[in-house]
Structure formats: C-alpha cells, structure tokens
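Summary of structural features
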Amino acid sequence: MAERSREKRAEAERRLRLGREELIARGVEPQHADEALALADGSIVRAEAELHVAFDRYRTEEERSASSGWRVPAETVEHSLASASLVLFGISPWLGGEPKLALEALHNARVGGVRLEAAVHAIVERRRAEFAQECSQRLDAAIASGGVAEGSSRSAAASEEVPDAEEWPTPLCCRTHHLELQSLAAERSRGPALSPSEASELKQLHAASDGDAWLVLVGGEHGGIMRADARATRPGPFLAGHCSLEWVGFAYSRLKKFFGRDRIIVIAQLAETLEWLREASVDEASAARLAGRPSLLAMLRRRSQVMQDACKELLEDGGADYDGIDVNASTLLRVLKGDPSGKGRCVPQHAVGSTMLVLVSHGHAHPAGPSTTSHEWYMHFPHPVPVEADNLYDFVSHQGFEDVDPHPEWDWGAPKYRWKLYSQILFQAHHTVLQRSPRRRLVLFHQFCLSGGAANFMRQRSYQTYCGTKRWPVFAIVTAGRFEAALGNFVGLWIDELVSALDEGGSRTLGDVYKAAEQRYWGASPDVRASNAAVAAQRADARHAESPLASSMELTDAGSPELEETEPSTVGTVGRVAGFDATSGESMENVPVGRVTNIV
C-alpha cells in the first residue's frame, strides 16, 4: 500500500512537471501555470480552459469577440483562477472546457445581479434546447440524394417505405446486403428464400470472408501540431506531446504474436516524430529553434527516449508502414478497402476473415450547417488528404466547421476539412468492405473524444433500415459519448484484457474482454463513474416527469440515442455495439477472441 501511494505521488508530480513545461512553452507565465494546474489536478486541458477564462491575454480571438460587448470601455474584465475553475467545473460538468460559455455565465451573474449557479443553469438549459433536435437529418439528406453508399440498385427514397419496427429489414443500400439479410430472414422463417442463382451468388461472396485476421493500427493527431500555432508561441511543428504514438507502439508489441507482422498495417508518424525530437533535442539552440524555448531541452530528450522505448519493437520490425505525409485519412480508407492503386500494403479485398481496427487520436464534431442541429463527427489526422482525394468529402457537410472554427485566421495551407476523417466517410469504407465480403468480422476500437458519433451507423434507425447495419458482423467500441470528452486509458486496458484472453487460448468472447476492461476502467475512476451516474439519474427523473413510460427505457452504452446525450454533461462513458455474426449465428458479443486473430 505504501509503495502504491509513493507511485501515485510520483506520477502526480511527473504530471504536474510535464504540464507546467507544456503550458510555459505555450506562453503561459510560470505562476499562472502553477496555480491553474493545482486547481485542475494536473490536467493541461482543464488548466488551459481556466487560464482562458481568468486572463484576457490567453483568450482566443473568438472568446474576445464574444465578450467584447460585455466590457466597460477601456476595461478588460478578468477573473480569479479559482472563479474560473468553479464556473467551468464546479457547478455543471456540461460547461467544462467551454471558456466562452463560462465567460458568459460570469458576465450574466455580475451584470444581471443573479447567483452564478443560476447563470450557469440558464446557459445549460438554452444549450439543451439547441441540441434537442439532434438526429439523423444529415444522413436522411444523404439517403435522399443517393449518396449513402455505392452500388445501390434501388431508389434511396424508397427507404421511407420500410417500417421502422421491422426486425429483419431488406436493405436498400446494395445487392449484397439485400441478399444477405433476405437469406438470414428466410432461415428464420421471416421471409422468402433466395432463388438458386441468388444463393450461388451469395455463397461466392461468403467465400471472400474465409481467410486470415488483419490488424490495422492508426495513430492520429491534431493537424495544428504540424505548423506554428495560432498564437505563434512556437515556430513550426511541435511533436513532443504526440497523443497516439505510445499507444500504437504498445498495441503493436502486445498484439504482434497473435496476428504476425505480415498481417499488421501501421499508419503513424513514427519516423517523422522521432526525427523531429532528435533535431530538437541536440542542444538548447535547437530546442529554441524548433520548440520555441531553450528551457524545453530536458523535456524533449525525455520525450524522445519515451517514444523510442514505447515503439522499440515496431522500430526493430521496420517502423510504420505509412509515415510522414501518408498519415492522412485517404491512406486509411485505401488500406481498409484494399485499394491497390497507391503505394504500400492494404488489407486484401478477399480471403480475409476479420479486420481489427484500432484508432487513437483526438476527435470532435461540428454542426452540419447554420440552419440545422445535425452534426458531423470526425477524428483528426496530422496531415491532409492529397488534393486529388478531395472528392472523399462530397457527401459530408464539412462547411459547417467554418461557422464554428475557433481560429479562422489560422492558415493551414489547405482547407481544414482535409485533415479530418469524418465518421460518415469511415462508414462508407466499412460498407464497401462488407459489400465484397459480407461475413468479414470487423472489430472497431475508437479512442478519441466524442467517439460515440463513430458508432451512429450501428445505433441509428435510419442506418439499420436502409443498410441493415444491425445484422452486420461488427463489434464497435467507443471511449466517449457523442458529445463527451474521453479519458485516455481505455485502449490500454482493453488491449491488456484482449492479450490475457488470447494467452489463455482465445475462448473468451469479445463481450467478455470488453466487460473485464470496463470493470478495470471504472475501478480506476470511481469519481468519474459516480458523477456520470448522478447525471444519468437526473436524466431518468426528467424523462419520468415528462412521461412515466420513459423511465422504463433501458440505459445503453455511450453514444446511444436513448441516453439523451447531446450534451457534454458526462465524460468518458465507454460503450460497445454488437452486430450479428451470421457465420456462427450469434451476436458479435459472443464471438471468441481467437476467431478474430491468427492464433492456432
């Protein structure tokens, strides 16, 4: 027990030290950095939000613009860091990380003569009303335009004729899923049997799903790290705090023996990051030239060693398959779809039994446009797709980001949407894969904020009806709700449990592994779990007050529409959605993990 306490203290001190160095590197005064980190329990993200609320010098132009009308002439309204922390995190978790809303609440309390709690709750209620209409409007618009997926043989508008309550719908997206779902329904006396020619056609498609298991590891990052930041506190790229490389190295070293190097594809800027760290950590002059401050030299050297240690086995095996500018959304889509047109390896189009995809990055969402409450969800890549791949975004309402871009003046050299992998585009890639091999098992792990949006295609009725996604062989894991921030450690816990299950022979199921990881996850974060549970109870009470029948609804996992989760009042709600494995006739929840790897 004493040893564990010492380890916790050492970890807390390390976190504070690294956080202080990072904030100072961003131009924060040391005294301000120390006080903000102390109030934020060492969290850089929370500390930075507190600083933006407390001091005008750290605010973005958008925050200044929003608050400019509140100021008395020639007066800059500032607040104590304690007040900033209280309004951001101490009254309603929903305001966490939103300095603009916190500034509005402080202004309304000061000018309007109301209690701060009342000012915060008024803003929360307003935002709830704004989000209340969030649904699948954008997808429905895509369906109406025929842009949901390739290969559709019937009018998308006909999807409106399919009853929502149909348990075994006949998909309208493509011939493959039409035949697959009709066959499954016929086996259960839910519909007519296939003709002999249709059955033969479907058998050939099933044969494409016989083969090895593949693993695709993807390390994303925010595109802003590859250029001078908006406030020009550094001269160019800053790769010392890369969000995903350590997890990519960890996943590779733990899982390689269960897949084999020739069945693993890694997309991550490993060589690019290590080269930057090597150049930046030569001496104080190089640290100042590349990282912006000579005092960062010791930190840069530590980070270089940490990265090398975490990715040691991957480096020994030749490094990432795709590095540098190839770490972009179009590379991943080509790899998943087996597109041989580019350089490098891809997952084959045929003779593949399963694909496990692990995505680690930052994620977010933005409104689809100014006149709708629908949103577009995405994860970040550090490099943009090439200009010739711009058509990937034809069916995504990426223009909505321009209305909420916090730094519109920050020039990235190309449209910023090209750094984003939108969940709708990723869904289309999954559809293409299953169109060719409808029984290939897909295990999808999403470690990034707002990742619940990446599972919309499995949960929303419009997808289930039009594409039959409820019967797809998909097991999707998310690490946050559709509007939640994610904690950063679930990917490590899940991989630990997966490796343990495989070491035991692989008979434990995907559901077993998820539940074991989830238990460890919440055990390590009891305060977060208690806070989330309190919010869930409040929601249940509100639903019951509106309709007594509503309280009987089952609370499901992160990102589920049933959770009324179009508001960030909780954090890090992990979840999973299991489709149907037609090969075994079981839910994907019950598929043994040995069947999605290459263990003998």
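Below: a short report on this structure. Please read these numbers as outputs of a predicted model, since none were measured by experiment.

Quick word on unusual backbone geometry
Here alanine 351, not a glycine, exhibits a phi torsion of approximately 60°, which is positive. Checked against the element boundaries, alanine 351 lands in the loop between helix H16 (329-337) and strand E3 (352-360). By relative accessible area, alanine 351 is classed as partly exposed at 46%. Unusually for a residue other than glycine, leucine 450 sits at a positive phi of about 60°. Relative to the assigned elements, leucine 450 resides in the loop between strand E7 (441-447) and helix H18 (456-459).

What to know about the environment of arginine 59
With respect to the helices and strands, the residue arginine 59 is situated in the loop between helix H3 (44-54) and helix H4 (61-68). The exposure class assigned to arginine 59 is buried, which follows from its relative accessible area of 2%. Distance in space between the C-alpha atoms of arginine 59 and proline 99 is 8.5 Å, their sequence separation being 40 residues. Within the structure, the side chain of arginine 59 is placed 2.7 Å from the backbone oxygen of valine 53, a separation counted as a polar contact.

Here we look at the nonpolar core
Taken as a class, soluble globular proteins show a tendency for nonpolar side chains to be buried jointly. Of all hydrophobic cores here, the largest spans 62 residues; its most connected members are Trp276, Leu300 and Trp494. Sort the elements by how many residues they give to this core and helix H20 (residues 490-503) lands first, with nine residues. If we skip the residues at most four places from it in the chain, tryptophan 276 touches Pro237, Phe238, Leu239, Ala240, Leu290, Ala291 and Leu300.

Some remarks on the packing of helix H9 (residues 175-187) against helix H10 (residues 196-207)
Following both chains from N to C, one finds H9 and H10 inclined at 105°, their axes separated by 10 Å at the closest point. One element, H9, and the other, H10, form an angle in the roughly perpendicular class. Along the contact surface, H9 presents Arg175, Thr176, Leu179, Glu180, Gln182 and Ser183, while H10 presents Glu198, Glu201, Leu202, Leu205 and His206.

Describing the sheet that holds strand E2 (residues 264-267)
Read from one edge of the open sheet, six strands run E2-E1-E3-E7-E8-E9, paired in mixed fashion. This sheet does not close on itself; its edge strands, each paired only once, are E2 and strand E9 (575-578). Direction aside, the axes of adjacent strands within the sheet are offset by 10° on average. With four bridges joining them, strand E1 (residues 212-219) and E2 adopt parallel strand pairing.

So, how was this worked out
Residues numbered from 1 in each chain as written. Predicted model: local features only at pLDDT ≥ 70, side-chain atom pairs only at ≥ 80, totals over all residues. Heavy atoms only, no water. Helix = DSSP H or I, 4+ residues; strand = E, 2+ residues; numbered from the N terminus. Buried < 20%, exposed > 50% of the residue type's maximum accessible area, 1.4 Å probe, protein only. Polar contact = N/O pair within 3.5 Å; in protein donor to acceptor, adjacent residues only side chain to side chain. Core = buried A, V, L, I, M, F, W, Y, C linked by side-chain atoms within 4.5 Å. Contact = heavy atoms within 4.5 Å. Axes fitted to C-alpha atoms, helices over the stretch in contact; angles between N-to-C directions. Parallel < 35°, antiparallel > 145°, perpendicular 65-115°, else oblique. Pairing = 2+ DSSP bridges.

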